Structure formats: C-alpha cells, structure tokens
Amino acid sequence: MTPLQAIGWRWTPPTLDPDWAAIVAAHPQARPARIVEQHRSGYLVSESVDAAHRAESLPEWQRAGSYRKGELSPEQRPAVGDWVLVEGEAPNSLRIVALLPRFSAIKRGAAGEHYRQQVIAANIDSVFVVSGLDADFNPRRIERYLLLVAGSGVQPVVVLTKSDKDGADVDAALHDLRALDVPVVHVNAKDRTSVNALAPWLGAGCSIVLVGSSGAGKSTLTNTLLGIEKMKTGAVRAGDDRGRHTTTHRALIALPTGACMIDTPGMRELKPTGEEDVAESFADIEALAAQCRFRDCRHAREPGCAVRAAIEAGTLEAERVANFLKLSAEVAGAANQLATRLAQKADARVQGKALNKRLDEKYGRH
C-alpha cells in the first residue's frame, strides 16, 4: 500500500468523488492528509502511518462551533477521520487549506442543556459498539448506540468483550440482543485468535471506530489488534464494573491489517441529534405498530394494540418497547430543537439580506 492507503485513502483520480475532485483542482499545490487527532488547541494530521504533525487550521475552525449567522455549526468543523488538503511542510509550516466532504459521520447530541451536535468520527466504514459481558452489559444502551449509528452510512457491529470472564453468559447476551438486525460478535479482547472474528470488517483501506462505555474493553481490543501495548488500559471497579477514562481523546490508529481504527473516550451521555430514524432501529416494533387498531396508538392501554399483544404473548420484550418509546420522544424533542436552531439561522440570514438591501438603497453599496 502507499502511505496514504495505509491510513484509509482508497481513491484514484478517475474514482474521486466530483465534489472532492473540484476542491482538489482548486488547490493544485495541496495534497491529501487525514485528521488523526483532535484537541482543543488544534489538529494533528497524517500523510502516512509513521508520523502525525500539528497543522495550522483555517481561522473559522479555531472558534467553537455556533448556530449563529455566519458561523460554522459544530458538526461542520473537522473531526477525527476527516480528509483535508494541506500545504507546506512539517513541523513549522504545515497548514490545512480545505476540508473534503464526508461520505459518512457518526454524531451525537453533545452533553449540556443547549442543543449542539458533536461528530464522533468521520469517513468511517464500520462502527464497533463494544460492551463487556459483565455489569457493563446493557441491551438498552446498545440500542441507543445503534440508533445514533443508523442512517449514517456506517455498518454497525456489536462486539461483546470479556467472554473469558467468570460468569460471562454469552448465550444469554445473544438472546437479549436477538431482535437487533446487526452482526453480534463475542470475543476475548486479550486473545489475538479470538479477535480474528472481527477480520471481515478490518480489511485494507477500511476505517473503523470503537464506541462504548469506559471499561468495556475498547483499548484492550485495540492493543490486541495492534499486537503491542499502545493504548493505556485500566481496571474496572469491583462493585459495578465501571471503568475510568483511559482514552482521553479520539485518535486514529493504523492496524497491521491495513485498516484504520479510531478509539474514543467512554461516553456516559448518548443524546440523539434529532436526525435519527427510530423506525430503522426498531423495525420489529414498527411492523407491529402498523397492525394496531388506531394509527396514533401509544401502545399503552389502547384496545387492539398489536404491540401490547406481542408483549403479552412473550414474543416482544416490554423493556425494548419502553426504550423504543423513550428514544422516540428524545428524537422528537431533539428534532424540534434542531428545527429551531436552523430556523433562527435562516431568519438571521434573511434579516441580514434585508438590512443590506435597505442600506444599499439608502447609501449605495456598503
């Protein structure tokens, strides 16, 4: 592989997306690079597996994202996995001159009261939703992760770690996740032979991101795939199997298979952005809901509710339905917040144009 292919580049001039080709043509002196680390102070970019260098970013990227008029929204700022064009040489004159459009992105609603989107990773082929087969295992949280991934153009894979631990019940976990229409793989994250089960998603040129709570085994899995102890790992608490944040920032790592992997800090809060499609993640419930007597059935005490009938028949978990209703409400609320933000930005743009027109009419071009 070429140095760029080793970090996920898999295009040739004839296969380059037209939007990418136009930007590349506009910067004939620039060359592709990939953002491999994102910090508050800036970005590290790489043109090969051997080194990452700090690059001067565009001025608009050096401010926090905002939904105000004339500013970039938070999700429009670069993230780990993004491809950019750079000029100059490291270490002192390397600078980013353009961002290439994403072909996929995994996002969540950022923590806090105010609406803001946060890009977890960009230009990803697969996402490994990692969960330990200990107290960390929670089917409802896995469903929440899958909701955030759905519709992103990324293949989700549920990876159950710690299958070697005493008390790990793989069969019970697989039964609990039987309604998920995604691959589910169980591994001992410390055993190279065991993690070979993930090989179908780790081919040359593929990009993968690991998500999951702290202590789920993401860094251990990364170390095993690398064959070296690169990522810091930590013990979990004996009482609840919760882990500390051993990964403190997102970073892209090249694997011996030719794939690239992004390890992320554990996320305790997984808020939807409002762009998710709940029906895609809960197709089984949506299919039953279509059989309810009333179109606006809330699946509570309404007569003729096919969803409640399935619960009573034991063919559908009540907990899964409760999570479906909860996530539906959260997505609807986030969608309203997003619509308000976009409307405010559009109104500000319209008002700005109107003001400029009045100024032009009164004073001439300003």
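Heads up: these notes are all about the structure in this document.

**What about helix H5 (residues 218-226)?**
Given 3.6 residues per turn, any residue in an α-helix points the same way as the ones three and four places further on.
Link 1 in the chain: Most of H5 is tucked away: eight of the nine residues are buried.
Link 2 in the chain: The complete set of buried residues in H5 reads Lys-218, Ser-219, Leu-221, Thr-222, Asn-223, Thr-224, Leu-225 and Leu-226.
Link 3 in the chain: Next to the buried residues of H5 lie strand E8 (126-132), strand E9 (155-161), helix H4 (192-195), strand E11 (207-211), strand E12 (251-254) and strand E13 (260-263).

**A few points about helix H2 (residues 139-149)**
Link 1 in the chain: The buried fraction of H2 is high, at ten of eleven residues.
Link 2 in the chain: Where H2 begins, the capping side chain belongs to Asn-138, and its oxygen is found 2.9 Å from the backbone nitrogen of Arg-140.
Link 3 in the chain: Gly-151 lies just past H2 and shows a positive phi near 80°.

**Some details on the layout of surface pockets**
Link 1 in the chain: The calculated volume of the largest pocket comes to roughly 810 Å³.
Link 2 in the chain: What lines the largest pocket is a set of 32 residues, and nearest its centre among them are Gln-38, His-39, Arg-40, Arg-77 and Gln-118.
Link 3 in the chain: Elements supplying a minimum of two residues to the lining of the largest pocket: strand E1 (31-39), strand E2 (42-46), strand E3 (52-55) and strand E7 (117-122).
Link 4 in the chain: Among the elements that take part in the lining of the largest pocket, E7 stands out by supplying three residues, more than any other.
Link 5 in the chain: Tallied by class, the residues present in the lining of the largest pocket amount to twelve nonpolar, eleven polar and nine charged.

**A word on the nonpolar core**
Link 1 in the chain: Membership of the largest hydrophobic core comes to 42 residues, with the highest contact counts inside it found for Trp-9, Trp-83, Ile-142, Val-209 and Val-211.
Link 2 in the chain: By residue number, the principal contributor to this core is H2, which donates five residues.
Link 3 in the chain: When residues no more than four places from it in sequence are discounted, the contact partners of Ile-142 are Val-129, Ser-131, Phe-137, Val-158, Leu-177 and Leu-180.
Link 4 in the chain: One finds Phe-128, Val-195, Trp-201 and Ile-253 within the second-largest nonpolar core, a separate group that totals 21 residues.

**Focus on the environment of Leu-221**
Link 1 in the chain: By the element assignment, Leu-221 lies in helix H5.
Link 2 in the chain: Contacts of Leu-221, omitting those with residues within four sequence positions, involve Val-159, Ala-189, Val-195, Leu-198 and Leu-210.

**With respect to the pattern of salt bridges**
Link 1 in the chain: Within this structure, the stated rule accounts for 13 salt bridges.
Link 2 in the chain: A salt bridge links Arg-31 to Glu-89; the shortest N-O distance between them is 3.8 Å. Placement of the pair is Arg-31 in strand E1 and Glu-89 in the loop between strand E4 (83-87) and strand E5 (95-99), with a sequence separation of 58 residues.
Link 3 in the chain: Close ionic contact of Arg-102 with Asp-82 constitutes a salt bridge, the shortest N to O distance being 2.9 Å. Residue Arg-102 is located in the loop between E5 and strand E6 (105-109), and its partner Asp-82 is located in the loop between E3 and E4; the two are separated by 20 residues in the primary sequence.
Link 4 in the chain: Connected through shared salt-bridge partners, Arg-140, Glu-143, Asp-284 and Arg-320 make up one network.

Rules behind the numbers
- Residues numbered from 1 in each chain as written.
- Predicted model: local features only at pLDDT ≥ 70, side-chain atom pairs only at ≥ 80, totals over all residues.
- Heavy atoms only, no water.
- Buried < 20%, exposed > 50% of the residue type's maximum accessible area, 1.4 Å probe, protein only.
- Helix = DSSP H or I, 4+ residues; strand = E, 2+ residues; numbered from the N terminus.
- Contact = heavy atoms within 4.5 Å.
- Polar contact = N/O pair within 3.5 Å; in protein donor to acceptor, adjacent residues only side chain to side chain.
- 1 Å grid on protein atoms, 1.4 Å probe; cavity = no way out; pocket = protein on both sides within 12 Å on 5 of 7 lines; lining within 4 Å.
- Points joined across faces, edges and corners; volume = space filled by probe spheres on them.
- Nonpolar A, V, L, I, M, F, W, Y, C, P; charged D, E, K, R; others polar.
- Core = buried A, V, L, I, M, F, W, Y, C linked by side-chain atoms within 4.5 Å.
- Salt bridge = Lys/Arg side-chain N within 4 Å of Asp/Glu carboxyl O.

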